[in-house]
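Chain and residue survey
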Amino acid sequence: MPNTKRRRLFRGAATAVALTLGGTALAACGSDEGDGEAGSGPVSLTYWTWTPGMDKVVDLWNKGPGKKDQITVTVKKQASGDTLVTKILTAHKAGKAPDLVQAEYQALPTLVSNDALADISGEVGGAKEKFAEGVWQQTTLGTDAVYAVPQDIGPMMFYYREDLFEQYGLKVPTTWEQFAETARALKKKAPDKDLTTFSANDSGLFAGLAQQAGAKWWTTQGEQWKVGINDPATQKVAEFWGGLVEEGAIDNQPMYTPAWNKALNTGKQIAWVSAVWAPGTLTTAAPDTKGKWAMAPLPQWSTGENVTGSWGGSSTAVTTDSKHKEAAAEFAAWLNTDGEALNALAKESGIYPASTAAQLSGAFTKSPEYFANQADFYTKAAEIAQTTAPSAWGPNVNVAYTAFKDAFGSAAKNKSDFTAALDTMQEATVADLKKQGFEVSE
């Protein structure tokens, strides 16, 4: 499909998309106007981001390449998630969005649908080779445009208590079938323990598991959207986890609660399906188990497969309101491909870089302190990251995620049918797209 048609597809219901995010209206904050584009005089750019320590990273630009090119960037800290998306859209509606924004990958279609993000393929297209194909694809939305530069990623992995696996004679599962058998074996040997939990408050985790199974929740046919949230791949994932919850082989409690932290810290839960950023969470949630965990690739659906899903990650985008698109794109490329910048991002912000070269350099030449017992942690992480499956996001991810939490929350609590919850999620997402005015293929 020609790119012009794809852009019409994404822009079909711009006003309605903004309304689905809800929340109160936020005051617009415009970009700073400079005297010209890069090379023609001083340029001042504004960057909205939630990443901690970003001001220190940007200082490197302002004192180095930015100073040389007379491009100054000012960081303005924001909240993340839907709150930031709403604020960007509110500012864009007034024509006063900042020059640059940090955007989660799943938020890009919403922002593009509202014509809030510029196509910077002409400025950053050459950076494609610096990222894994499945990662770069998330910033193109299946078009020949480029709407952002990948910043950080969250390839999914399997974490387990190495000492307790040995104690109970368990083997690290390499397939999901083995994962289920391991959960059942643990229950027989230690009824008071769980291999893991299904957390219905983490739609991103479920989306990543579906992605690994080959799901494509949003695709297009001509200029119509097609929603496949209850496709066979996702049904397989829902049936698998729902079955384990129903039979009591795993826990059904949400994550990130005091009870969950305690379960990890005391060894009541001995494994966790998570992403590359897990060491930071475990450091806080289970401080007493430092050095007792190990990381392995995610179990596969079939023997011999080698693919993972993604849970989290964000990009740097240039808005259509920016009067200095080329300068902003130059900074976005530097921030996410320059070695010094990426080392600073790792040190100051704790991110795992999308850049493949950065995944084995600087801060990632030594394993996380919490995993000091696993010297090859980041070597293995980089190998896993290369196997990230392509994603397929649409313009109303927030609606799908909310429906997941409601439907799966009830199903997990009641140990009822997960596939029925999946159908509810599908119906809610389709209905919302139609309400917004998008054309939807049945």
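Relevant structure appears above.
Cut-offs and rules
Residues numbered from 1 in each chain as written. Predicted model: local features only at pLDDT ≥ 70, side-chain atom pairs only at ≥ 80, totals over all residues. Heavy atoms only, no water. Helix = DSSP H or I, 4+ residues; strand = E, 2+ residues; numbered from the N terminus. Rg over C-alpha atoms; globule rule 2.2 N^0.38 Å. Buried < 20%, exposed > 50% of the residue type's maximum accessible area, 1.4 Å probe, protein only. Contact = heavy atoms within 4.5 Å. Salt bridge = Lys/Arg side-chain N within 4 Å of Asp/Glu carboxyl O. Core = buried A, V, L, I, M, F, W, Y, C linked by side-chain atoms within 4.5 Å. Polar contact = N/O pair within 3.5 Å; in protein donor to acceptor, adjacent residues only side chain to side chain. Expected span 1.5 Å × (residues − 1). Arc of directions from axis to C-beta. Pairing = 2+ DSSP bridges. Axes fitted to C-alpha atoms, helices over the stretch in contact; angles between N-to-C directions. Parallel < 35°, antiparallel > 145°, perpendicular 65-115°, else oblique. Nonpolar A, V, L, I, M, F, W, Y, C, P; charged D, E, K, R; others polar.

1. Looking at the overall build of the chain
In terms of regular secondary structure, the chain is built from 19 helices and nine strands. Against the globule reference of 22 Å for 442 residues, the chain gives a C-alpha radius of gyration of 22 Å, in line with a compact fold. For the chain, the C-alpha atoms occupy an extent of roughly 70 × 50 × 40 Å along the three principal directions. Counting only residues that meet the buried cut, the chain has 57% of its 442 residues in that class. Contacts in the chain between residues at least 24 apart in sequence constitute 77% of all its contacts with a sequence separation of at least 6.

2. Thoughts on the pattern of salt bridges
For the coordinates displayed, the defined rule picks out six salt bridges. Where R161 meets D163, a salt bridge forms, and the shortest distance between an N and an O atom there is 2.9 Å. With relative accessibility at 5%, the residue R161 sits in the buried group. Because the salt bridges share partners, they merge into one network encompassing K187, D194 and K268.

3. Considerations on the nonpolar core
Residues F198, W217, W218, W241, V273 and F408 are the most contacted members of the largest nonpolar core, which totals 145 residues. Looking at which element gives the most residues to this core, the answer is helix α18 (residues 397-414), with nine residues. What V273 contacts, discounting residues up to four positions off in sequence, is M156, M157, F158, W176, F179, T196, L205, L209, W241, L298 and W311.

4. Considering helix α16 (residues 339-349)
Side chains that are three or four residues apart share a direction in an α-helix, a result of its 3.6 residues per turn. Among the residues of α16, A341, L342, A344, L345, A346 and S349 are the ones counted as buried. Along its buried surface, α16 packs onto α3 (54-63), β4 (149-161) and α15 (325-337). Put simply, D338 is the residue that caps the front of α16, since its side-chain oxygen is 3.0 Å from the backbone nitrogen of E340. Downstream of α16 by a residue or two, G350 has a phi angle that is positive, lying close to 70 degrees.

5. Considerations on helix α10 (residues 176-189)
The first and last C-alpha atoms of α10 sit 20 Å apart over 14 residues, in line with the 20 Å expected at 1.5 Å per residue. For α10, the set of buried residues is W176, F179, A180, T182, A183 and L186. For α10, the arc enclosing every buried residue in end-on projection is 160 degrees, short of the 170-degree limit, so these residues lie on one face. Pointing more than 90 degrees away from the buried face of α10 are the exposed residues E177 and K188. Its buried side turned inward, α10 meets β4, α9 (162-167), α11 (203-212), α12 (232-247) and β7 (271-275).

6. Considering the pairing of strand β6 (residues 224-227)
Residues W225 and V227 of β6 are buried on one face, while the alternating residues Q224 and K226, pointing to the opposite face, are not. Bridging between strand β5 (residues 218-221) and β6 involves four bridges; their strand directions are antiparallel. When the bridges of β6 are listed, T220 appears paired with W225. Taken together, β5 and the strand that follows it, β6, pair antiparallel across an intervening segment of two residues, in which G222 is found at a positive phi of about 65 degrees.

7. Concerning the packing of α11 against α18
One can describe the packing of α11 onto α18 by two numbers: an axis separation of 9 Å at closest approach and a directional angle of 100 degrees. In terms of their interaxial angle, α11 and α18 are classed as roughly perpendicular. Facing S203, G204, F206 and A207 of α11, the residues of α18 in contact are Y401, F404, K405 and F408. When its residues are assigned to classes, the contact of α11 with α18 shows five nonpolar, two polar and one charged.

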